[in-house]
Amino acid sequence: MVHGTWGAYAGVVPANNRLGIPAIHLQDGPQGVGDNVEEVTCWPSALTVAASWDPEMMHAFASAMAVEQKTKGTNVLLGPMVNIARVPQAGRNFESMGEDPYFAAIMGAANIQGIQSQGILGCLKHWALNDQEQDRADIDVNVDERTAHELYFPAFEAAIKAGVGTVMCSYNKVNGTYVCENKALLTRELRDRMGFQGWVMSDWYATHSSTTAALAGLDQEMPGFGYFGTRLSDDIKNGIMPLTRLDEMVTRILTAMYAVGLMDTPATGSLNANATSDEHNALARTLSAAGTVLLKNDGILPLAKPTRRIAVIGKPARMTPLIAGDGSGFVEPPYVVTPYEGIRTRNQGGNVVDASGEWLWDAKTLAKDSDVAVVVVGVKTAEGTDRKTLSLGQEQDALVEA
């Protein structure tokens, strides 16, 4: 129970048939069923849904994701991610709820309630102060209590009040100690002050010790058993680790499982099942539209139907469409409609010119020769790395200026 193993899912805790404890299947991620699993809905990013400013939409998004995870046999969804987007170039901002602590608290709580309304557990991540990807396994974040409580903790506390069953501790250090063995964070803040009743699991390979981590408040090592297997067992036999603490760790896991009904209704789905549907695809489109923000309109929009000639410019328009961020938040899309294809379908009776692969000067000429130019730009970010600058790269900034 206190450590995972490897299997078909991102993490697996095998069933204990003798005691009637079902297996735990943990699966990415915060934007849908990840890890290259197919026949799932490629949802908009959590940040896009947050941009709708609608907690009910966030709840619907999370609930629908949970339905698909359950269909695939998952009973712990590894999300949401509620780290504050304090570093604008951070690689995983697309998974977050944005940069405002109060807003992230409202949206994170709605997400958790949506996930757990479907009888599976959400996993709140990454506790705590894991706000950049660069050097995430080694960085030491030095923070005072006021800053931590005002900026970094509110979203976690709100999700705990919403009843989240599991929390994932992060790779980084805080004030000199790895989070996954940081008693001030795992016990004093999370449990004693916020009242968290569930279990704390490590991020994948973020455990650094056996008894030290366990006594600090870590309940489960993921995905393997480098520390919470034989090492922890030996520590208990040698009197280094009290057996009562192991009992508490298991109790916390089982309590969270009971709370959402996992003990009564074990996972029955399969990774081979088709989890997507027309209804979910329609919801994904609705969420994407609601989260699309119009910053300025000089009377050009909406475009006339039909518009005589539209030039669609920029590689993301057709050649390299941006579907999802990379890493554990990536979802394999069942289909892709590029911006160019969508505009062409919408502009029936008019001419749509594909200029997605044109050089800057040629694209500029095409724009002048058209009634409307639609410039599509974008940049993909990813887990494990941060952007070097906020530039779009590949001459995209110049393309917009032109």
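Residues numbered from 1 in each chain as written. Predicted model: local features only at pLDDT ≥ 70, side-chain atom pairs only at ≥ 80, totals over all residues. Heavy atoms only, no water.

Participant: Explain the sheet that holds strand 11 (residues 351–355) to me, and be specific about the residues and the numbers.
Facilitator: Strand order in this open sheet of three strands is 11-10-12, and the pairing throughout is parallel. With partners counted over all chains shown, the strands left at the sheet margins are strand 11 and strand 12 (372–375), one partner each. Across this sheet, the average inter-strand angle for adjacent strands is 20 degrees, counted without regard to direction. The pairing of strand 10 (residues 309–313) with strand 11 spans five bridges and is classified as parallel. Bridge pairing in strand 11 places I310 opposite V352. (Pairing = 2+ DSSP bridges. Helix = DSSP H or I, 4+ residues; strand = E, 2+ residues; numbered from the N terminus. Axes fitted to C-alpha atoms, helices over the stretch in contact; angles between N-to-C directions.)

Participant: So what's going on with the packing of helix 3 (residues 101–116) against helix 5 (residues 154–161)? Which residues, and what values?
Facilitator: Their axes nearest at 8 Å, the elements helix 3 and helix 5 cross at an angle of 30 degrees. Taken together, the axes of helix 3 and helix 5 lie roughly parallel to each other. Judged by the sense of rotation from one axis to the other, the crossing of helix 3 with helix 5 is right-handed. Residues P101, A104, A105, A109 and I112 of helix 3 lie in contact with helix 5, whose contacting residues are P154, A155, A158 and A159. Looking at the contact of helix 3 with helix 5, its residues break down into nine nonpolar, no polar and no charged. (Parallel < 35°, antiparallel > 145°, perpendicular 65-115°, else oblique. Left-handed = near helix turned anticlockwise from the far one by under 90°. Contact = heavy atoms within 4.5 Å. Nonpolar A, V, L, I, M, F, W, Y, C, P; charged D, E, K, R; others polar.)

Participant: For the sheet that holds strand 3 (residues 76–77), give the residues involved together with the corresponding values.
Facilitator: If you trace the six strands from one edge of the open sheet to the other, you get 1-2-3-4-6-9, paired in mixed fashion. Edge strands, defined here as strands with exactly one partner in the open sheet, are strand 1 (11–13) and strand 9 (199–202). Against the sheet, helix 3 touches strand 3 and strand 4 (121–127), its axis set at about 150 degrees to strand 4.

Participant: Can you explain helix 2 (residues 55–71)? Please cite residues and give values.
Facilitator: Here helix 2 spans 24 Å end to end across 17 residues, near enough to the 24 Å set by a 1.5 Å rise per residue. Taken as a whole, helix 2 has its buried residues at M58, F61, A62, S63, A64, M65, A66, E68 and Q69. Against the buried residues of helix 2 lie strand 2 (24–27), helix 1 (46–50), strand 3, helix 3 and helix 10 (278–290). For helix 2, the capping residue at the N-terminal end is D54, with a side-chain oxygen 2.9 Å from the backbone nitrogen of E56. Once helix 2 ends, the next one or two residues include G73, with phi positive near 95 degrees. (Expected span 1.5 Å × (residues − 1). Buried < 20%, exposed > 50% of the residue type's maximum accessible area, 1.4 Å probe, protein only. Polar contact = N/O pair within 3.5 Å; in protein donor to acceptor, adjacent residues only side chain to side chain.)

Participant: Can you tell me about the layout of surface pockets, naming the residues and giving the values?
Facilitator: The space that makes up the second largest pocket amounts to roughly 270 Å³. Lining the second largest pocket are 14 residues, and of these K315, E358, W359, Q394 and E395 sit closest to its centre. Tallied by class, residues from the lining of the second largest pocket come to six nonpolar, five polar and three charged. (1 Å grid on protein atoms, 1.4 Å probe; cavity = no way out; pocket = protein on both sides within 12 Å on 5 of 7 lines; lining within 4 Å. Points joined across faces, edges and corners; volume = space filled by probe spheres on them.)

Participant: So what's going on with a nonpolar patch on the surface? Residues and values would help.
Facilitator: Residues W6, Y205 and F225 make up a contiguous nonpolar surface patch of about 390 Å² in total accessible area. Within the secondary structure, Y205 is located in the loop between strand 9 and helix 7 (211–216). (Patch = residues over 30% accessible without salt bridge, like charges linked within 9 Å, V, L, I, M, F, W, Y side chains within 5 Å. Areas by Shrake-Rupley, 256 points an atom, 1.4 Å probe, with all protein chains shown as cover. Salt bridge = Lys/Arg side-chain N within 4 Å of Asp/Glu carboxyl O.)

Participant: Any chance you could break down empty space enclosed by the protein for me, citing the residues and the numbers?
Facilitator: Within this structure, the stated rule accounts for one cavity of 30 Å³ or more. Lining the largest cavity are 13 residues, and of these M81, R92, N93, N130 and D131 lie nearest its centre. Partitioned by chemical class, the residues of the lining of the largest cavity number four nonpolar, six polar and three charged.

Participant: Requested: an account of the nonpolar core, with residues and values cited.
Facilitator: If you look at the biggest cluster of nonpolar residues, it comprises 78 residues, and the most contacted ones within it are W127 and M201. Once residues lying within four places of it in the same chain are set aside, the contact partners of M201 are L26, V76, L78, C123, T166, V167, M168, C169, L218, Q220 and M222. The next biggest cluster of nonpolar side chains, apart from the first, holds eight residues, and it includes A317, Y340, I343 and V376. (Core = buried A, V, L, I, M, F, W, Y, C linked by side-chain atoms within 4.5 Å.)

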